[in-house]
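Coordinate analysis (summary)
Single-letter residue listing:
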Amino acid sequence: MFDIAWSELMLIGAVALVVIGPKDLPKAMRTVGQVVGKVRRMASEFQGQFNDAMREAELHDLKKQVEDVGGSVSSAMNSDYKPIDMPNEPASTGLDDAQIKEAEAKLAALPAPEPLPPVEITPAPIADAATEEKPKRKRAPKAEPEVVAAEPAKAAPRKRKARVSEPEDGSAA
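Quick notes on the rules
- Residues numbered from 1 in each chain as written.
- Predicted model: local features only at pLDDT ≥ 70, side-chain atom pairs only at ≥ 80, totals over all residues.
- Heavy atoms only, no water.
- Helix = DSSP H or I, 4+ residues; strand = E, 2+ residues; numbered from the N terminus.
- Buried < 20%, exposed > 50% of the residue type's maximum accessible area, 1.4 Å probe, protein only.
- Areas by Shrake-Rupley, 256 points an atom, 1.4 Å probe, with all protein chains shown as cover.
- 1 Å grid on protein atoms, 1.4 Å probe; cavity = no way out; pocket = protein on both sides within 12 Å on 5 of 7 lines; lining within 4 Å.
- Points joined across faces, edges and corners; volume = space filled by probe spheres on them.
- Nonpolar A, V, L, I, M, F, W, Y, C, P; charged D, E, K, R; others polar.
- Expected span 1.5 Å × (residues − 1).
- Salt bridge = Lys/Arg side-chain N within 4 Å of Asp/Glu carboxyl O.
- Patch = residues over 30% accessible without salt bridge, like charges linked within 9 Å, V, L, I, M, F, W, Y side chains within 5 Å.
- pLDDT = per-residue confidence, 0-100.

Looking only at helices and strands, the protein has three helices and zero strands in total. Each helix and strand of the protein, ordered N terminal to C terminal, gives the series α-α-α. The buried share of the protein, reckoned over its 173 residues, is 2%. With an accessible surface of roughly 19200 Å², the protein has 60% of that area assigned to carbon and sulfur atoms.

This part covers the layout of surface pockets. Approximately 180 Å³ is the volume found for the largest pocket. Gly13, Ala16, Ile20, Leu25, Ala28, Met29, Val32, Gly33 and Val36 together form the lining of the largest pocket. Sorting the residues of the lining of the largest pocket by element identifies α1 (6-20) and α2 (25-76) as the ones contributing at least two each. Element by element, the count of residues in the lining of the largest pocket is highest for α2, at six residues. Grouping the amino acids of the lining of the largest pocket by side-chain chemistry returns seven nonpolar, two polar and no charged.

With 13 residues, helix α3 (residues 97-109) should reach 18 Å at 1.5 Å per residue; the first-to-last C-alpha distance of 19 Å fits that figure. Buried residues are scarce in α3, accounting for zero of its 13 residues.

With that out of the way, let us pick up the pattern of salt bridges. Enumeration according to the criterion identifies two salt bridges in this entry. Between Asp52 and Arg55 there is a salt bridge, with the nearest N and O atoms lying 3.0 Å from each other. Of the two residues, Asp52 and Arg55 both sit in helix α2, three residues apart, roughly one turn of that helix. Judged by relative accessible area, which is 48%, Arg55 ranks as partly exposed. Between Glu102 and Lys106 there is a salt bridge; the shortest N-O distance is 4.0 Å. Taken as a pair, Glu102 and Lys106 lie in helix α3 at a separation of four residues, close to a single helical turn. A residue is classified by how much of its surface remains accessible, and Glu102, at 47% relative accessible area, is partly exposed.

Together, Leu11, Val15, Val18, Val19 and Ile20 make up an exposed nonpolar region whose accessible area comes to about 500 Å². With respect to the helices, strands and loops of the structure, Leu11 is situated in helix α1.

Next up on the list: the confidence of the model for the protein. Taken over all residues, the pLDDT of the protein has a mean of 77, while the share at 70 or more is 64%. Mean pLDDT in the protein bottoms out at α3, which sits at 87, and peaks at α1, which reaches 89.

Here it is as C-alpha cells:
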C-alpha cells in the first residue's frame, strides 16, 4: 500500500527504540495499534454507508422506471373499457314458442335407446384351506442327557505360596 520495504521498517523501528526508549516502546506500539484499528473501523463504516447510498439510488431509479412502465400501460389501455354486465335474466336464444314446440315433438318421436344387457359378476374361486396343508418341519431327535456321576467331582486343592519369614532383627535372609 505504502511501498515500504523491510529494511525501511527496521530503520523506523531502530529510530523508535532510540527516541521512545525500550521502557515506553510497548505502550507506544499498543497506542499505534489502537489508532490503526479505529481508522479501519471508520473506513469500513464509510464504505458501508457509501454502499447503502448507492443501493438506495439504484432502488430509486428502479422505482422510477417501474412507475414509467405502469404509466405507459395505463395510457395504452382504452379508457372506454367497461366490463360486460351480467344480465339479470338468462339470455334468450331467439327462438319463438312454435320452434321450441316443434323441437320437442322431434325429440319425442325418436326411438328410445336399447337397454344394456345385465352384467353378471362372479366371485373368484377361493382355495380351500383344509385341502392344502402346510408341510410340517422335521425336528431333530432329542439327545438324551448324559448320566451324571453319583459322586460330585472334588475341586483340586489350591496351592498356597510359602511365606518367607523375615528375621526380626531386620537383616535379609
